[in-house]
Amino acid sequence: MSAALDTRALDERLAQHAQLFVQRFGPGPAPRRFFSPGRVNLMGAHLDYNGGPVMPMALDRGTFVALRPRADESLTLASTLEPDAFSAALTSLPSRPAGRWFDYPLGVVLQLLSQAREASGADVLFGGNLPIGAGLSSSASICVGTAFAFRALWGRAPDPLACIEAALWGERKWVGVQCGIMDPYAVALSKPGHVLWLECKDACYEHLPLDTRELLIAIVDSGIRRELAKGDFNRRVAECGRAFELLRRHAPEARVLCEVPLGLVEAHAEELGPLLLKRARHVSSEVERTHRARAALLAGRHADFGAEVSATHASLRDGYEVSVPELDCIVDAAQRWPGVLGARLTGAGFGGCAVVLLPRAAREGFAEHVQGEFARRFGRRPPIFFFQSDAGPRELRA
Ligand code: GLA
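Residues numbered from 1 in each chain as written. Predicted model: local features only at pLDDT ≥ 70, side-chain atom pairs only at ≥ 80, totals over all residues. Heavy atoms only, no water.

Enquirer: Looking at this model, I keep getting lost on the sheet that holds strand β6 (residues 122-128). Mind explaining?
Expert: The pairing of strands in a sheet comes from backbone hydrogen bonds and takes either a parallel or an antiparallel form. Strands sit in the order β5-β4-β6-β3-β1-β13 across an open sheet of six strands; the sheet is mixed. Each edge of the sheet is formed by a strand with only one pairing partner; in this case those strands are β5 (86-89) and β13 (394-396). Ignoring strand direction, the axes of neighbouring strands in this sheet form an average angle of 25°. Both strand β1 (residues 32-41) and strand β3 (residues 56-69) contribute to a ladder of nine bridges, which runs antiparallel. Bridge pairing links F34 to V65 in β3. Most of the contacts of helix α2 (residues 103-113) go to strand β4 (residues 74-79), to which it runs at about 150°, and overall it touches β4, β5 and β6. Contacting β1 and β3, helix α5 (residues 182-189) runs over the sheet at an angle of about 125° to β1. (Pairing = 2+ DSSP bridges. Helix = DSSP H or I, 4+ residues; strand = E, 2+ residues; numbered from the N terminus. Axes fitted to C-alpha atoms, helices over the stretch in contact; angles between N-to-C directions. Contact = heavy atoms within 4.5 Å.)

Structural data, given as structure tokens:
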């Protein structure tokens, strides 16, 4: 599919979304329309909060935002994907989150308001075509998209770093997830035809070429959504913190766990104990894999790149222990399909999606094979999507 066709498809979807806006909020001036992508991470699993390198890219699916400014100070946040909506005056916004979907955009609005000199109200309708809570960062997508749209509404420059800051504040300080920096950076700074190389210890980044028209990115949704995922995720963050506390005594120059070499982790296996050893081994070996993957990608050695992706899955399954049988089944089936370069779970794990890298020539029959293998074991066929890489958030002009 050519880039021109992709743009038209997005334009059509956002035009439909604008119609839903009119049904929800009534006739009036056409709403402004924004798109903010989701992301998939290819390498650097669970490295961002350990200060390591990651290799995410934005997807051509994400959050739709339709927004109409209001003359008064009233703010309404509604969604085509959720039955409940938020409504209040900008001058009397709540002081704590409600435990609902709108906490994400509301946290971002609060952060932007704390810096705005003048702010008017708005009616906003969110929606989109990204599976929610599936490891494709629907949360960073809506948070960065909200920051981008409200900065536009309030006449401020579309500064990606300011959008990232607002998104991180919303998720960490308002919603309360101790997420790393990867997701909002990936959503805000990606370029089509590239993966983002982000060094999370100092937020330095560059774009590495990856043509997703020849090298396909398939995403297979296990359908598993764990309520406990937030708790499991924060537990891994804490385990890595404990491992680093022990290891830094032997590596005083290391500022983050990712700077502790694998050899040093192995040398202090006994002191770490079996659980922290497994976690630290994953982190240090993932840093090595991610650097090898980068070299392979830059040299056009796609088979070697894919082998690192698959090795990451084994490490996430056995060492970091964030896989589930459904994801292992998808990854095993994908890796057995002739031509597939690599497959792994993506995002935090505990359910969600697997990502598969395959050349265009291997596409035919691939989905049927993976869905058939999965159905034999779990009695249902998991949805499979093929994605293109995409750019960061943007406004679509009428
Ligand atoms: C989640 C978090 C990210 C990152 C990944 C694991 O998606 O939001 O910050 O830690 O897990 O790589």
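Enquirer: For this particular structure, what's the right way to read the site of the ligand?
Expert: By nearness alone, every residue bordering the ligand is listed as R39, A45, H46, D48, Y49, C179, G180, M182, D183, F233, G347 and A348. A distance of 2.8 Å separates an oxygen atom of the ligand from a polar backbone atom of H46. G180 places a polar main-chain atom, nitrogen or oxygen, 3.2 Å from an oxygen atom of the ligand. Here the ligand loses 90% of its free accessible area of 310 Å² to cover by the protein chains. The class makeup of the residues in the shell around the ligand is six nonpolar, three polar and three charged. Counting only domains with at least three residues in the shell around the ligand, you end up with domain 1 (3-211 + 391-396) and domain 2 (215-387). (Near = heavy atom within 4 Å. Polar contact = N/O pair within 3.5 Å; in protein donor to acceptor, adjacent residues only side chain to side chain. Areas by Shrake-Rupley, 256 points an atom, 1.4 Å probe, with all protein chains shown as cover. Nonpolar A, V, L, I, M, F, W, Y, C, P; charged D, E, K, R; others polar. Domains from an automatic or database assignment.)

Enquirer: Would you explain the pattern of salt bridges in this entry?
Expert: Where charged atoms of side chains with opposite charge meet at close range, the side chains can pair. The full count for this structure, using the stated rule, is 27 salt bridges. Between E239 and R279 there is a salt bridge, with its nearest N and O atoms 2.7 Å apart. In this pair, E239 sits in helix α6 (residues 229-247) while R279 sits in helix α8 (residues 269-298), placing the two residues 40 residues apart along the sequence. With respect to class, E239 is no different from R279; both count as buried. Across the pair R317 and D318 runs a salt bridge whose closest N-O atoms are separated by 2.9 Å. Look at R317 and you get partly exposed, because its relative accessible area is 32%. Residues joined by salt bridges that share partners form a network here, namely R236, E239, K278, R279 and E321. (Salt bridge = Lys/Arg side-chain N within 4 Å of Asp/Glu carboxyl O. Buried < 20%, exposed > 50% of the residue type's maximum accessible area, 1.4 Å probe, protein only.)

Enquirer: Can you walk me through the confidence of the model for the protein in this structure?
Expert: Any region with low pLDDT has predicted coordinates that should not be read closely. Of the residues in the protein, 97% have a pLDDT of 70 or more, and the chain-wide mean is 94. Here residues 1-5 scores under 50 on pLDDT; set against residues more than four positions off or in separate chains, the count is two contacts. (pLDDT = per-residue confidence, 0-100.)

Enquirer: What is the right way to read α5 from this model?
Expert: Residues three or four positions apart in an α-helix share a direction because the helix packs 3.6 residues into each turn. The element α5 is extensively covered by neighbouring structure, given that eight of its eight residues are classed as buried. Of the residues making up α5, those classed as buried are M182, D183, P184, Y185, A186, V187, A188 and L189.

Enquirer: What am I meant to see in the pairing of strand β9 (residues 215-221) here?
Expert: Consecutive side chains of a regular strand alternate in pointing toward one face of the sheet and then the other. For β9, a buried count of seven out of seven residues is recorded, marking the element as mostly surrounded by other parts of the structure. A two-sided burial pattern is seen for β9, the buried positions comprising L215, I217, I219 and D221 on one face and L216, A218 and V220 on the other. Summarising the sheet, β9 and strand β11 (residues 353-359) pair through seven bridges and their orientation is antiparallel. Across the sheet, residue A218 finds its bridge partner in β11, namely V356. Judged from the four bridges that link them, β9 and strand β12 (residues 384-387) form a sheet pairing that is antiparallel. In the sheet register, I219 faces β12, and the bridge partner there is F385.

Enquirer: Even after reading the chapter, I still don't get the packing of α8 against helix α9 (residues 302-318), so can you show me in this structure?
Expert: The angle between the axes and the distance between the axes are what describe a pair of packed helices. α9 packs onto α8 with a crossing angle of 170° between their chain directions and a minimal axis gap of 9 Å. By the angle between their directions, the pair α8 and α9 is classed as roughly antiparallel. Of the residues in α9, those in contact with K278, H282, S285, E286, R289, R292, A293, A296 and L297 of α8 are H302, D304, F305, E308, A311, T312, S315, L316 and D318. Here the contact of α8 with α9 is composed, by residue class, of six nonpolar, five polar and seven charged. (Parallel < 35°, antiparallel > 145°, perpendicular 65-115°, else oblique.)

Enquirer: Is there a simple way to think about the nonpolar core in this case?
Expert: In globular proteins that are soluble, nonpolar side chains generally tend to be buried together. In terms of nonpolar packing, the biggest core is built from 95 residues, with L75, L77, F150, L272 and V356 touching the most fellow members. Residue contributions to this core peak at nine residues, all from helix α3 (residues 138-153). Built from parts of two domains, this core gets at least three residues from each of domain 1 (3-211 + 391-396) and domain 2 (215-387). Here L77 is in contact with A85, F86, W101, F102, P105, L106, V124, F126 and F150, once residues within four sequence places are set aside. Listed in part, the 27 residues of the second largest apolar core include M55, L130, L210 and V309. (Core = buried A, V, L, I, M, F, W, Y, C linked by side-chain atoms within 4.5 Å.)

Enquirer: Looking at this structure, I do not really get the packing of aromatic side chains. What am I missing?
Expert: Each aromatic ring pair is characterised by the separation of its centres together with the angle its planes make. According to the stated counting rule, one finds 11 aromatic pairs in the structure shown. Considering the side-chain rings of W101 and F126, the 5.9 Å spacing of their centres and the 75° angle between planes classify their relative orientation as edge-to-face. In this pair, W101 is assigned in the loop between β5 and α2 and F126 in strand β6, connecting sequence segments 25 residues apart. Each member of the pair, W101 as well as F126, carries the same accessibility label: buried. Residues F150 and W154 carry aromatic rings whose centres are separated by 5.3 Å and whose planes lie at 70° to one another, so their mutual orientation is edge-to-face. Each member of the pair F150 and W154 is classed as buried. Within the aromatic cluster, the residues linked to one another by ring pairs are F86, W101, F102 and F126. The aromatic ring of F25 is capped on one face by R24, whose charged end is 5.0 Å from the ring centroid. In this arrangement the basic side chain of R363 is found over the ring face of F386, its NZ or CZ atom lying 3.8 Å from the centre. (Phe/Tyr/Trp six-rings, centres within 6.5 Å; stacked < 30°, edge-to-face > 60°. Lys NZ or Arg CZ within 6 Å of the ring centre and 35° of its normal.)

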